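# A structural walkthrough
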Number of protein chains: 2
Amino acid sequence: MITSTVENYLKALFLLDQDGEKEISTGELAKSLTVTPGSATSMIKTLAEAGLVEHRPHYGVRLTNRGRTLAVHVVRRHRIVELFLVEILGMDWSKVHEEAEQLEHVVSDEVIERMDVLLKRPAFDPHGDPIPGADGTLPNRSHCSLSKSNVGQQLSVARMNDQDTDFLQFAEKHGLMIGAKITIIEHNKLADSLTIKTSNDTVVLGLSAAANIEVCDA
Amino acid sequence: MITSTVENYLKALFLLDQDGEKEISTGELAKSLTVTPGSATSMIKTLAEAGLVEHRPHYGVRLTNRGRTLAVHVVRRHRIVELFLVEILGMDWSKVHEEAEQLEHVVSDEVIERMDVLLKRPAFDPHGDPIPGADGTLPNRSHCSLSKSNVGQQLSVARMNDQDTDFLQFAEKHGLMIGAKITIIEHNKLADSLTIKTSNDTVVLGLSAAANIEVCDA
DNA sequence: TTTATACTTTTGACTAATCAAAAGTAGGAG
DNA sequence: CTCCTACTTTTGATTAGTCAAAAGTATAAA
C-alpha cells in the first residue's frame, strides 16, 4: 500500500538526488524528514521489500525506477497544487508549500489533470521549480546559483530552493520574486555577503541565503 | 488529536442525526462507516474520553456541543470542496463526493475561505445539501421527500440524499438534476413505484429510490 | 420466570509508523 | 593491529486504528 508516509519518503529521496546518481545515507534522509535514523532504517527496509528502493546496508539507499516514477508523480501533484493555490485561489506564494504538502497525497489524477488544463499546462511552479509532465518527464532549465554569479551581471530570478514561509516573505519584500530582474552590486568576500539591486530595493544577502536563489541571464 | 478517522466518526454521527435529538446506536454508526461494531465501540470510548460524544453503554451515543461543532466544520469543508470541484474544475457532480471525502480532512481554513469567496458564499452544494456557515449555522430549506409527494404536483428537485456515483449518473441521465422541474404522473401502490415526468424523459422509480430525492413546490 | 434473539462490549491479535536506547559496523588515527 | 568516532541497524515499547470471535446485556415472548 502506498501510504502518504511512503510517498513522503520517496519524494524526499528524489529531492535529495534528482538525477538518481548518488546513494543517499540513512542519516541524510532521516534529517530531511525530521525522523530518527532508526525510523528511516525501518522504512527503508519496507521500501526495499516493495521494490521501490535499493538498499546497501551501511552505505546508502537509491530509488529504483518504480520508486522514482512514484516520487516524480508526487512532486508533480505538489507543484501543480502550489501553482493552482497561487493562480486560482490567490494565495501567497510563501504559504502554499505547507498546504500542498498535505494535498499532494489526496488529490486524484483527474483533479490534477483539470488543474493542469486550467493553468494551461504550466512548466514551473510559483517557486520556479519545474513541474514534471504526466509522463514523468522533467523540463529543465539551466540555472546558476546567485551565490556563484558575478558582480555587474544582469540577472533574472529563476527559482527558490528554500520553501520556508519566512524566507519567501523576506525575499518578496525586497523584490526577489521569480522573474524579477536584479543586478549584483558588490561581492564582499570578507563579509561573505552579496549586495543586490532589485527593482525597488537594495539588499545584502549572506552567501548561504544567496545559495538558495537560482538565477539566469536576464 | 483530531485524526481524519475521528472526523469521519463525528461527521457520520452528525449526518445520522442532524438535529442532535436522538441517540445513535453503535450498530447504526458502524454500518454507516462500514466498520465492525467492535471498532465503533472502541472509537466511541475514545471520543467520549475526548469529550466529543456522550455515551450511554448499550443505549447509544450523541455528539456533545464540541463534537457537533467539529462535525459541522467537516461537513462545511466537504460541501464547499464539492461545489468547487463542480463549478471551478468542471467535474461531474456524480464523482465529486469521493474526492471531497479525502480533501475534507486536509484543506486548511484559508483555502476553504478562498473557495467560499470565489463561489460567492454559496448556500447549497451540487447535491442540494446546505453548506454550513463558518460560524456553524446551517441554512435550512423545507423539503419533502419525493416518495411522499402527490400525483399531479408540479415539483422542483431540491436535494439528493444518495451520493452514490451510479445513482447520480442514472438520475442525471433522466433529467433529475437539482432545480429540475418534474411532475408525478402516477403512484402505483401495488408496484411500489412512482412514474415521473422530467423535461426530457419519463422515469419509473421504486419508492426506496424516490425516498432519496427531496423536492419542493415548483 | 425463563429463554431466545439481537445487539453491544470486551478481548486478543494484527499493521503501520514512530521513538529511545542498545548493539553493531566502517574507516581513519595512532 | 587496535581503538575511536560517527554513523547505521536492531530491539523493544508505544499509539492509532482495525477485525474476529467470545462474553455480556436488554428486551420481548413464552
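Our subject is the structure listed above.
Let me begin by describing the structure that accompanies this report. (Residues numbered from 1 in each chain as written. Chains lettered and ligands numbered in written order. Predicted model: local features only at pLDDT ≥ 70, side-chain atom pairs only at ≥ 80, totals over all residues. Heavy atoms only, no water.)

### Focus on the interface of chain A and chain B
Each side of the interface is counted separately: chain A has 18 residues, and chain B has 18 residues. Surface buried jointly by chain A and chain B totals about 1,500 Å² across both partners, of which 66% is contributed by carbon and sulfur atoms. Its largest share of buried area at the contact with chain B, chain A owes to Leu89, Val106 and Arg114 of chain A, together 34% of the area lost on that side. Taken together, chain A and chain B are joined by zero salt bridges. Seen at the junction of chain A and chain B, the total is six residue pairs in polar contact (both at pLDDT 80 or more). Contributing elements (two or more residues each) for the side of chain A that touches chain B: α4 (65-87), α5 (96-103) and α6 (109-118) of chain A. Of all the elements, α6 of chain A adds the most residues to the side of chain A that touches chain B, at five residues. For the side of chain A that touches chain B, a count of residues per class yields eleven nonpolar, three polar and four charged. (Contact = heavy atoms within 4.5 Å. Buried area = accessible area lost by both parts, 1.4 Å probe. Salt bridge = Lys/Arg side-chain N within 4 Å of Asp/Glu carboxyl O. Polar contact = N/O pair within 3.5 Å; in protein donor to acceptor, adjacent residues only side chain to side chain. Helix = DSSP H or I, 4+ residues; strand = E, 2+ residues; numbered from the N terminus. Nonpolar A, V, L, I, M, F, W, Y, C, P; charged D, E, K, R; others polar.)

### Here's the deal with the sheet that holds strand β4 (residues 154-160) of chain A
Residues and elements named next belong to chain A. An order of β3-β8-β4-β5-β6-β7 is seen for the six strands of this open sheet, with the pairing classed as antiparallel. Single-partner strands in this sheet number two, and they are β3 (144-145) and β7 (202-206). Two elements, β3 and strand β8 (residues 213-217), share two bridges in a ladder whose sense is antiparallel. In the strand pairing of β8, Cys144 is matched with Val215. Contacts from helix α7 (residues 165-173) reach β4, β7 and β8, with the element oriented near 155° to β4. (Pairing = 2+ DSSP bridges. Axes fitted to C-alpha atoms, helices over the stretch in contact; angles between N-to-C directions.)

### Things to note about the packing of helix α1 (residues 4-16) of chain A against helix α3 (residues 37-49) of chain A
A pair of packed helices is characterised by two quantities: the angle between their axes and the separation of those axes. All names here are of chain A. Relative orientation of the contacting elements α1 and α3 amounts to 100°, with a least axis distance of 11 Å. Taken together, the axes of α1 and α3 are roughly perpendicular relative to one another. Here Thr5, Val6, Tyr9 and Leu10 of α1 come into contact with α3, specifically with Ser39, Ala40, Met43 and Leu47. Its residues assigned to classes, the contact of α1 with α3 shows six nonpolar, two polar and no charged. (Parallel < 35°, antiparallel > 145°, perpendicular 65-115°, else oblique.)

### Some words on the protein's contact with DNA strand D
Taken together, 20 residues sit near DNA strand D, with Thr26, His55 and His58 of chain A together with Thr3 and Ser39 of chain B positioned nearest. A share of 84% is what sugar and phosphate atoms reach among the atoms of DNA strand D within 4 Å of the protein. Note that a phosphate oxygen of DNA strand D is positioned 3.2 Å from one of the side-chain N or O atoms of Thr41 of chain A. Contributions of two or more residues to the surface near DNA strand D are made by α2 (26-33) and α3 of chain A together with α1 (4-16) and α3 (37-49) of chain B. The leading source of residues in the surface near DNA strand D is α3 of chain A, at four residues. Residues that form the surface near DNA strand D fall into these classes: six nonpolar, 13 polar and one charged. (Near = heavy atom within 4 Å.)

### Focus: the relation of the copies chain A and chain B
The two copies are related by a screw motion: chain A maps onto chain B through a turn of 180° and a shift of 0.0 Å along the axis, at an RMSD of 0.1 Å. One copy is carried onto the other by what is essentially a two-fold rotation axis. Identified as the residue of chain A closest to the rotation axis by C-alpha distance is Leu103 of chain A, at 3.7 Å. Interface overlap between copies: 100% of the residues of chain A at the interface are likewise at the interface in chain B, consistent with a symmetric, same-surface contact. (Least-squares fit on C-alpha atoms with pLDDT ≥ 70 in both.)

### Some points on the pairing of β4 of chain A
Within a regular strand, side chains alternate between the sheet's two faces. Residue and element names in this part refer to chain A. Counting buried positions along β4 gives six out of seven residues, so the element sits mostly inside the fold. In this structure, β4 lies alongside strand β5 (residues 181-188), joined through three bridges in antiparallel fashion. The residue of β5 that forms the bridge with Gln154 is Thr183. Strand direction decides the pairing type here: β4 and β8, joined by five bridges, are antiparallel. Its bridge partner being in β8, Met160 is matched across the sheet by Ile213. (Buried < 20%, exposed > 50% of the residue type's maximum accessible area, 1.4 Å probe, protein only.)

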